[in-house]
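# Observations on the three-dimensional arrangement
As a plain string of letters, each chain reads:
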Amino acid sequence: MQNDVEPIFQRTCALLQPFNPRGIEISPDTDITGDLEIDSVAVLDLIMEVEDEYGISLPMNLISEIRTVGDLVRAIHQIAGAK
Amino acid sequence: MDLFDKFAALTTQYASIVEAGADPFGVCMDDIRSATEAVVGGQDVILAGTNNYLGLTFDPACIRAAQETLSRAGTGTTGSRIANGTYSAHRLLEQELADFFACTSAMVFPTGYQANLGIISGLAGPEDYILIDAHCHASIYDGCRLSGATVIRFRHNSPADLDQRLSRLGGGDTNKLVIVEGLYSMFGDIAPVDEFAAVKNKHGAYLCVDEAHSVGVYGDTGRGVAEAANASADVDFIVGTFSKSLGSIGGFCVSSHPKFDLLRLASRPYMFTASLSPANVASVRTALQQIRIRPELRRNLWQNAAALHSGLSDLGFSLGAGVSPIIAVQMPSREAAVDFWNRLFRKGVYVNLALPPGTPNSSSLLRCSVLAAHRPDQIEQIRRAFEEVGIETGIIDKSQPARLAQAAQ
């Protein structure tokens, strides 16, 4: 990850912790629904947390393209940066 | 590689459910005897998991109307509404629905699912925003997807959260469509439609309320939760279904928007499917009359709902919401829910098993629905089955149910 996305990565990892009961090490390549214990509806709830944390809108249309933690971090970075 | 490889996790999960007993998602009614009784696998069961709130599926007037129409107009229309599938009865039903809701226009669809698909994808396009309550039904999510609009979820039943998310989108010259449900099908809680209406007015948005579970149940004349909240005038579109209180199949949308009927030429799920069969239309028209002329149906329904709700709550079960015809009994885990469902079933009580991700907040629920047609002894039989299974499984405390009930409140 580039330096300016590192803080976003750290905050995203913190938001994902409740869904990581096995305590795996989260990396940008972690598959959100595949590697963590989070179902498709809970992912959408998580996205609302992210939206509130950054004061942004992450439309559902975009979410379908987000698979890994790195994808989510890049989306936040892009949208928060454009604001 | 196999096309079905993507269902590996689903296959494992399903196998573990079926292993625990009967298949909750493959129940077959060998014989349906009334709105409240069926035979399943050779066993008599009480139906406490349907959406037949007013019990009209076996209403003699509705059956007679359907039978007469079947003989007169045949078994099907074999065509779309924009081709050969519009009969005068479809138009009359639309007029009667518009009158029932005091709106100027109505459109009917072959199912409630298609009503949401057709209305949402017809109203909103890629340039528009849709804001949906987080607990909305799958048909609303699918309609949003089909529309191509930008879709934002807001926190369940929170007008303040909707306000915040609308504010984030900024002013600008964009259309915003807000979608909520009246009565939510899983927990049985209702939307504060008047407060949502105030927020949508503040932002110049449109409001669509899906009253699938609330038509015939809420409001002085049975129009739904918006009517009960005195907010009908601020609702731009009401979507609903014929497959719940109206005891048939089909869906509809009513509106007083002057250009509403343009959707007949623009909504793909409306145009590219066959229209409702004449017998269905006839039974729905009669069911609408029954709702008008028999308010006692609603009174019975609410009496039964209150009786089962307090019965289960007094036993110490944790319920999803206050009194409504949908009573969601919360289970501690997926496994506990499957086990409890099987035990109820063996005692001759059928309820709906609802598991994540089909439920909000990853909840595992036994969803009971109460009907106007349930007799008091049936309500008691359902309550007693819950009591017995609750004690067998240790989910309720036999010695102190009342104390637990108080703690849960």
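Everything quoted here is computed from the prediction, not taken from an experiment.

## Thoughts on the overall build of chain B
In terms of helices and strands, chain B carries 14 helices and 14 strands. Against the 2.2 N^0.38 benchmark of 22 Å for 409 residues, chain B shows a C-alpha radius of gyration of 22 Å, consistent with a compact globule. With respect to the principal axes defined by its C-alpha atoms, chain B has extents near 60 × 55 × 55 Å. Within chain B, the proportion of its 409 residues that are buried is 55%. Taking the contacts inside chain B whose residues are at least 6 apart along the sequence as the reference set, 68% of them involve residues at least 24 apart. Within the structure as shown, chain B displays about 17,200 Å² of accessible surface, and the carbon and sulfur contribution to it stands at 52%.

## A short note on the sheet that holds strand E7 (residues 176-181) of chain B
In sheet architecture, strand pairing relies on hydrogen bonds along the backbone and comes in two forms, parallel and antiparallel. Residues and elements named next belong to chain B. If you trace the seven strands from one edge of the open sheet to the other, you get E4-E10-E9-E8-E7-E5-E6, paired in mixed fashion. The two strands at the open ends of the sheet, each matched to only one other strand, are strand E4 (105-109) and strand E6 (150-154). Here the average twist between neighbouring strands, direction ignored, is 20°. Across three bridges, the pairing between strand E8 (residues 206-210) and strand E9 (residues 237-241) is parallel.

## Notes on the pattern of salt bridges
Inspection of every chain in the model, using the stated rule, returns 30 salt bridges over all chains. Residue Asp52 of chain A pairs with Arg165 of chain B through a salt bridge whose shortest N-O separation is 2.9 Å. Residue Asp52 of chain A is found in helix H3 (residues 40-54), and its partner Arg165 of chain B is found in helix H6 (residues 159-168); the two belong to separate chains. Of the residues examined, Asp52 of chain A reaches a relative accessible area of 27% and is grouped as partly exposed. A salt bridge links Arg264 of chain B to Glu94 of chain B; the nearest nitrogen and oxygen atoms lie 3.1 Å apart. In this pair, Arg264 of chain B sits in the loop between strand E10 (251-255) and helix H9 (268-271) while Glu94 of chain B sits in helix H3 (residues 88-100), placing the two residues 170 residues apart along the sequence. Taken individually, Arg264 of chain B and Glu94 of chain B each receive the classification buried, so the pair is uniform in this respect. Each of Glu49, Glu51 and Asp52 of chain A together with Arg155, Asp161, Arg165 and Arg168 of chain B takes part in one network of salt bridges that share partners.

## Digging into unusual backbone geometry
All names here are of chain B. Cis rather than trans, the peptide bond between Pro356 and Pro357 has omega equal to 5°. Tracing the sequence through the fold places Pro357 in the loop between strand E13 (352-354) and strand E14 (364-369). Here the phi dihedral of Ala102 falls at roughly 55°; this positive angle occurs in a residue that is not glycine. By the secondary structure assignment, Ala102 is in the loop between H3 and E4. Residue Asn157 is not a glycine yet carries a positive backbone phi of 55°. Relative to the elements of secondary structure, Asn157 occurs in the loop between E6 and H6.

## Concerning the side chain of Asp189 of chain B
All names here are of chain B. With respect to the helices and strands, Asp189 occurs in the loop between E7 and helix H7 (193-202). Of the side chains with opposite charge, Arg367 lies nearest to the buried Asp189, which makes no salt bridge, at 10 Å. Within the local environment of Asp189, its side chain forms a polar contact with the side chain of His156, the two groups lying 2.5 Å apart.

## Overview of the state of the cysteines
Residues and elements named next belong to chain B. Here the structure, examined in full by the defined rule, presents zero disulfides over all chains. A disulfide-free cysteine, Cys136 has its sulfur positioned 7.7 Å from the sulfur of Cys144, the nearest such atom. Here Cys208 stays unpaired: no disulfide links it, and the sulfur of Cys253, its closest cysteine neighbor, is 5.8 Å away.

Definitions and limits used
Residue indices follow the written sequence of each chain, beginning from 1 at its first position. A letter from A marks each chain and a number from 1 marks each ligand, given out in the order of writing. This being a predicted model, a pLDDT of at least 70 is required before a residue's local features are given, and a value of 80 or more before pairs of side-chain atoms are given or counted; all residues contribute to the totals for chains, interfaces and linings. Processing note: side-chain calculations cover all non-hydrogen atoms of the structure and skip hydrogens and water entirely. Helix and strand labels come from DSSP, where a helix needs a run of H or I of at least four residues and a strand needs a run of E of at least two; each type is numbered from the N terminus. C-alpha atoms define the radius of gyration, and 2.2 Å times the number of residues to the power 0.38 defines the globule rule. The classification of residues rests on relative accessible area computed with a 1.4 Å probe and restricted to protein chains. Under 20% of the type maximum is buried, over 50% is exposed, and intermediate values are partly exposed. By definition, residues are in contact when any of their heavy atoms lie within 4.5 Å. Note that accessible areas follow from Shrake-Rupley with a 1.4 Å probe, and for residues the cover is restricted to the protein chains shown. Two strands make a pair as long as DSSP finds a minimum of two bridges between them. Axis definition: a line fitted to C-alpha atoms, over the contacting stretch in the case of helices. Angles run 0 to 180 degrees between N-to-C directions. Salt bridge, as used here, is a side-chain nitrogen of Lys or Arg placed within 4 Å of a carboxyl oxygen of Asp or Glu. His is not counted here, nor are the chain ends, while Lys and Arg score as positive and Asp and Glu score as negative. Polar contacts, as used here, are pairs of N or O atoms within 3.5 Å; protein pairs need one atom able to donate a hydrogen and one able to accept it. Residues neighboring in sequence count only if both atoms are side-chain atoms. Note on disulfides: each one is a pair of cysteine sulfur atoms within 2.5 Å.

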